[in-house]
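Coordinate inspection notes
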Amino acid sequence: MLVIKDLKVKISEVDKDIIQGFNLKINSGEVHAIMGPNGSGKSTLSHAICGKEGYEITGGNINLEGRSILDLEPQDRATKGIFLAFQYPLEIPGVGNLSFMRTALNSQKKARQEKELNPAEFLKLVKEKASHLSVDMEMLKRPLNVGFSGGEKKRNEILQMALLEPKLCILDETDSGLDVDAMRQVSQGVNALRSPNRSFLIITHYQRLLNHIKPDYVHIMVSGRIIKTGGPDLALQVEEKGYGHLIANQKN
Amino acid sequence: MKNQEKHSINKLDNSRKRSKWALNYQKQCQEDLKKVGMPSRNAEYWKFASPNLWENTGLIPVSGKNFPKNDTQYLENKPEYYVEFVDGIIDPVTLQNLKKKLKECEISNFEESVCDQFHWANKLLGKAETKARKSYERPFALLNGGGSSQGIFLNCKESPRKPIHIFYSGEIEEKVNIRHLLKINCNAELHIIEHFSGNANYNVVTEGFLDSTSILNHNRLVSRFLRNSIITHFFINCMESSVVKTIGITLNNGAVRNETFLNLEGSQCDVTLAGLGVGRNQSSICDNSVFVAHLENSCKSRQIIKNVLTQGAKAVFQGKIYVDPKAQKTDGYQMSNGLILDEKSNFLVKPELEIYADDVICSHGSTSGSLNMEHLFYLKSRGISTNEARKILVEAFLEEVIEEISDLEFSKFVRKEIQDTLI
Ligand SMILES: Nc1ncnc2c1ncn2[C@@H]1O[C@H](COP(=O)(O)OP(=O)(O)O)[C@@H](O)[C@H]1O
Ligand SMILES: [Mg+2]
């Protein structure tokens, strides 16, 4: 599904590469978790995968289903099935949440030459998906993320993910700022989407999310590259001993 | 501009029948204009947009012509209440119909009003204008006053059920003066929607007199198809606890200057002025020059200006809040935002506060910038094309003004017009 090879990423504001030779392979249906200390480049990686402007690829490649996506615009990557649940979802006054989601879904459908949904069809679909995430009509009618609590923003991201049915779901610290109940709802939302043809890249600080969403692999990312890969027990190790221990081990 | 003055005075052929009060006013305007003169390029109040842009406005049309019924009307179904000015001249059929239907208001056209010695307007004509001239001279309004023969005088006694639309249509590039007078009695609410879709160069002056606890709702739309010059003056006098909401939507490719003067003469008035402009090329100039005078205590005023500019378009906002020593507990607010989509376009702003009372809240701000790249990325990351995402963000920027429009049918129409303008 996704193959990242020796990726190097520079952002315009910073002189050196933030991502420095990053390798990752995710097969269809797999769930990968990336853990790492603050500033290790996790969000930069997720933005680079989505094609954000200002993120210069200075080396390496990103392939989706065997084809490089580096020359694609963000919207084309989205249409190909890449979805990022933002660490900080943006508040956009004046844009209705509901009409934003319909425009997004129909844009993708149009680009894939599928039939677009009319407002009634869309409303039915969104209501069904929203109910599982405790997103009510009131939230859907508000301007996009404006005045949403931290938890509401994250649930709204997962709702978009459920609507757009991407092939690769990237969750950037979706668990941060969630209370126990919201964490359970979000995890259930994610687990409901798990399928043999959908892969997940879950970026998190804490092991606790991984109790709800069982990963196949856990990677530890430090200073722009993966320093260790393991199974779910690696996350437990981090929780117990911290990153410092792993970094020290690596240096030896 | 000397010629123009002479021209407009010579053409006044109906003046013989006019009543003394109207003749006096007209003469005064002509004399004052001679004293004041038309504004020069370097006049302070015109430093952002040259008065030459509007030098073709403000002559009276040749009267007594036929009314070419153009079928390029903007609404498929005409609204219930409307009058139409075709090439600057009121269509008598529309006026007749309106008079018949609208029992809540006394309506007459300009000419019949000024020929009536005892007309209700005889103590009002020019009074709000005179007050407005204390802040700045308004030569284009004087030009209008010296040579108007068209307009409607409307005395609103009770609230009409629906908005009254005023259409300005026509194909000919006439130079047109139009003069309206509105009086709204206690407890009445009037909603006026002006729609400019004609090719004439308009000089429109509206004076409004709001009795206590009355409401004036006013919308002005300048069609996206026009490239002509338009200057409007909107002079409103507000008595105690009256409410004004005036919203201007400017979508054309010509020069539009709206001078608004809101005189809060009673306490506890609540006034809102909103302006929205979409400028698409270098002949597009949208100028909102606003003066709000707080003269009594506990009034509230808001000014909200939003301009989207591209391809060398220009927008001007001169907004002043004046607070008299008597006007304690004033709550004044002013915000102007320019969304500038390229380097060729300009958003020129001059906010001013002049405050002589100590117990007031007045805040003002102005921003000017391009599209938010983070917002753009968020939309694109969901599969929305660059063009569509830009459009969504531009519309979102304007939404704050659009949502002020109270008539749902009209706001729907405005939304559609804006969408079509942005394509
Ligand atoms: N816009 C930016 N300007 C300057 N530095 C940035 C910017 N974005 C990220 N960085 C820097 O890049 C590094 C990686 O950041 P980020 O990818 O956000 O890390 P993480 O998500 O792992 O916490 C950090 O050192 C951060 O300070
Ligand atoms: Mg991050």
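Keep in mind it's a predicted model, so treat the numbers as computed, not measured. (Residues numbered from 1 in each chain as written. Chains lettered and ligands numbered in written order. Predicted model: local features only at pLDDT ≥ 70, side-chain atom pairs only at ≥ 80, totals over all residues. Heavy atoms only, no water.)

Some thoughts on helix α3 (residues 92–101) of chain B
Residues and elements named next belong to chain B. Inclusion rule: With a 1.4 Å probe rolled over the protein chains alone, any residue whose accessible area is under 20% of its type maximum counts as buried; one over 50% counts as exposed, and the rest are partly exposed. Counting from the N terminus, the helices are DSSP H or I runs at least four residues long and the strands are E runs at least two residues long. Each C-beta atom gives one direction from the helix axis, and the arc is the one those directions make. Contacts are assigned to residue pairs that have any heavy atoms within 4.5 Å of one another. In protein, a polar contact requires one atom able to donate a hydrogen and another able to accept it; more generally it is a pair of N or O atoms within 3.5 Å, and residues adjacent in sequence count only if both atoms are side-chain atoms.
Burial in α3 covers these residues: T94, L95 and L98. Considered in projection along α3, the buried side chains sweep an arc of 100° and stay on one side of the axis. Looking at α3, the residues exposed on the side facing more than 90 degrees away from the buried face are V93 and K100. The inward-facing, buried residues of α3 contact β1 (81–86), β2 (89–90), β3 (105–109), α4 (110–114), β4 (152–156) and β5 (164–169). Between the side-chain oxygen at the start of α3 and the backbone nitrogen of V93 there is a gap of 3.0 Å, and the oxygen is on D91.

Examining the interface of chain A and chain B
Test applied: Two parts placed together each lose some accessible area under a 1.4 Å probe, and adding up what both lose gives the buried area. Salt bridges are identified by distance alone: a Lys or Arg side-chain nitrogen within 4 Å of an Asp or Glu carboxyl oxygen. Residues are grouped as follows: nonpolar covers Ala, Val, Leu, Ile, Met, Phe, Trp, Tyr, Cys and Pro; charged covers Asp, Glu, Lys and Arg; every other residue, Gly included, is treated as polar.
Listed per partner, the contact involves 32 residues of chain A and 18 residues of chain B. Summing both partners gives a buried area of about 2000 Å² for chain A against chain B, and 67% of it is carried by carbon and sulfur. Of all residues in chain A, K52, Q75 and L90 of chain A give up the largest surface area on contact with chain B, accounting jointly for 26% of the area buried on that side. Linking chain A with chain B are 3 salt bridges. R382 of chain B is paired through a salt bridge with E157 of chain A; the nearest N and O atoms lie 2.7 Å apart. Counting every contact that joins chain A to chain B gives 12 residue pairs in polar contact (both at pLDDT 80 or more). Those elements that place two or more of their residues in the side of chain A that touches chain B are α1 (42–50), α2 (74–79), β6 (82–85), β7 (92–96), α3 (97–111) and α6 (150–164) of chain A. Its residues assigned to classes, the side of chain A that touches chain B comprises 17 nonpolar, 10 polar and 5 charged.

A closer look at the site of ligand 1
All names here are of chain A. Selection criterion: Neighbouring residues are identified by heavy atoms, a residue being near a molecule or strand if any of them is within 4 Å of it. In short, Shrake-Rupley with a 1.4 Å probe defines the accessible areas, and a residue's cover is counted only from the protein chains shown.
All residues in the neighbourhood of ligand 1 are listed as I11, E13, V14, I18, P37, N38, G39, S40, G41, K42, S43 and T44. Within the backbone of G41, a nitrogen or oxygen atom sits 3.0 Å from an oxygen atom of ligand 1. One of the backbone N or O atoms of S43 is found 2.9 Å from an oxygen atom in ligand 1. Summarising the interface, the protein chains cover 61% of the accessible area of ligand 1, which totals 560 Å² for the free molecule. Ranked by residue count, the leading element in the shell around ligand 1 is α1, at 3 residues. A breakdown of the residues in the shell around ligand 1 according to their chemical character gives 4 nonpolar, 6 polar and 2 charged.

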